[in-house]
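# Architecture and fold: a report
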Amino acid sequence: GQSLEQPSEVTAVEGAIVQINCTYQTSGFYGLSWYQQHDGGAPTFLSYNALDGLEETGRFSSFLSRSDSYGYLLLQELQMKDSASYFCAVRFGGYQKVTFGTGTKLQVIP
Amino acid sequence: DTEVTQTPKHLVMGMTNKKSLKCEQHMGHRAMYWYKQKAKKPPELMFVYSYEKLSINESVPSRFSPECPNSSLLNLHLHALQPEDSALYLCASSQGNRDRGLDEQFFGPGTRLTVL
């Protein structure tokens, strides 16, 4: 089956940089996405890697290495509003099957 | 309009009740999804409709019955649920890309379901 493992919790200081890792034991997927979910809210899309390498979107960057079965989300210039849960997710082609990672709860402290 | 709407926001039902959850999008998306999310857990895929056809059923119990009346609407019919079915039910939609490109999912706010 597919499994995507993330650290359960991360704490970081406002203004700092934090990296959230996603290691997976699956293959044949089309791309790795990242979603943010605030408590009581819906997941919202942050970033997508179809190919290996780094993708940058404002303060957020995401990285994928298929050879290492590993990806990460990098958040720079952390703000208090970045406190949320972050999920990696893989999409398999054809029938739109999507599997989410275990999720990381990020707490940003002053 | 980049919004997915879901009704109701909250639902409390008994184990013998029949109820339905509704989801709507007007982005022209051709893939629609139902997810179940328990507290502090990731969304768990239940069903996918692709071009109005059920393409994925993740071995969901038959007490959950999805329906896609048209490309904008998605329903989830509930019958004889168990207390362990209490969760946040999320609907999502995407363009339905079948290549390696981005197929961003847009999520609705969810229905918080409590089964007594």
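The paragraphs below set out a description of the structure included in this document. (Residues numbered from 1 in each chain as written. Chains lettered and ligands numbered in written order. Predicted model: local features only at pLDDT ≥ 70, side-chain atom pairs only at ≥ 80, totals over all residues. Heavy atoms only, no water.)

## Side note on the overall build of chain A
The helix and strand tally for chain A stands at 0 helices and 11 strands. Order of helices (α) and strands (β) in chain A, N terminus to C terminus: β-β-β-β-β-β-β-β-β-β-β. The globule rule puts the C-alpha radius of gyration for 110 residues at 13 Å, and the 13 Å found for chain A is close to it. When the backbone C-alpha atoms are referred to their principal axes, chain A occupies close to 45 × 30 × 20 Å. Across the 110 residues that make up chain A, the buried fraction comes to 52%. For chain A, the accessible surface area stands at approximately 4,900 Å², while carbon and sulfur atoms represent 49% of it. Measuring between centres, the 6 positive side-chain charges of chain A sit 9 Å from its 10 negative side-chain charges. (Helix = DSSP H or I, 4+ residues; strand = E, 2+ residues; numbered from the N terminus. Rg over C-alpha atoms; globule rule 2.2 N^0.38 Å. Buried < 20%, exposed > 50% of the residue type's maximum accessible area, 1.4 Å probe, protein only. Areas by Shrake-Rupley, 256 points an atom, 1.4 Å probe, with all protein chains shown as cover. Lys, Arg positive; Asp, Glu negative; His and termini not counted. Charge placed at Lys NZ, Arg CZ, Asp CG, Glu CD.)

## Quick look at the sheet that holds strand E3 (residues 18-24) of chain A
Residue and element names in this part refer to chain A. The 5 strands lie next to each other as E1-E3-E8-E7-E6, forming an open sheet whose pairing is antiparallel. The open sheet is flanked by strand E1 (4-5) and strand E6 (53-57), the only strands paired with a single partner. With 5 bridges connecting them, E6 and strand E7 (residues 60-65) associate as antiparallel partners. Pairing of Gly53 across the sheet is with Leu64, part of E7. (Pairing = 2+ DSSP bridges.)

## Quick word on the state of the cysteines
In a disulfide, the sulfur atoms of two cysteines are covalently bonded to one another. Residues and elements named next belong to chain A. A complete count under the given rule lists 2 disulfides over all chains for this structure. Put simply, Cys22 and Cys88 are joined by a disulfide, and their sulfur atoms are 2.1 Å apart. Taking the sign of the S-S torsion, about 70° here, the bridge from Cys22 to Cys88 comes out right-handed. Residue Cys22 is found in strand E3, and its partner Cys88 is found in strand E9 (residues 84-92); the two are separated by 66 residues along the sequence. Residue class for Cys88 comes out buried when judged on its relative accessible area of 0%. (Disulfide = S-S within 2.5 Å.)

## Structural notes on the interface of chain B and chain A
Counting from both sides, the interface comprises 28 residues of chain B and, opposite them, 20 residues of chain A. Taking both sides of the interface into account, the surface hidden between chain B and chain A amounts to around 1,900 Å²; carbon and sulfur atoms contribute 57%. On the chain B side of the interface with chain A, the three residues burying the most area are Arg100(B), Leu102(B) and Phe107(B), jointly 26% of the side's total. At the junction of chain B and chain A, the tally comes to 1 salt bridge. In this structure, Glu58(B) and Lys97(A) form a salt bridge, with 2.4 Å as the shortest nitrogen-oxygen distance. At the boundary of chain B with chain A, the tally comes to 7 residue pairs in polar contact (both at pLDDT 80 or more). Residue assignment for the side of chain B that touches chain A shows that the elements contributing at least two residues are strand E4 (31-37), strand E5 (44-50), strand E6 (53-57) and strand E9 (87-94) of chain B. Ranked by the residues each element gives to the side of chain B that touches chain A, the list is headed by E4(B), at 4 residues. Partitioning the side of chain B that touches chain A into residue classes produces 12 nonpolar, 9 polar and 7 charged. (Contact = heavy atoms within 4.5 Å. Buried area = accessible area lost by both parts, 1.4 Å probe. Salt bridge = Lys/Arg side-chain N within 4 Å of Asp/Glu carboxyl O. Polar contact = N/O pair within 3.5 Å; in protein donor to acceptor, adjacent residues only side chain to side chain. Nonpolar A, V, L, I, M, F, W, Y, C, P; charged D, E, K, R; others polar.)

## Some points on the pattern of salt bridges
Residues and elements named next belong to chain B. The final tally for this structure, using the stated rule, is 6 salt bridges over all chains. Put simply, Arg30 and Glu52 hold a salt bridge, and the shortest N to O gap is 3.2 Å. With Arg30 in the loop between strand E3 (18-25) and E4 and Glu52 in the loop between E5 and E6, this pair connects stretches of sequence that are 22 residues apart. Given a relative accessible area of 36%, Glu52 falls into the partly exposed group. With its nearest N and O atoms 2.7 Å apart, the salt bridge here joins Arg63 to Asp85. Note that Arg63 is positioned in the loop between E6 and strand E7 (64-70) and Asp85 in the loop between strand E8 (73-79) and E9, a separation of 22 residues in sequence. A residue is classified by how much of its surface remains accessible, and Asp85, at 2% relative accessible area, is buried.

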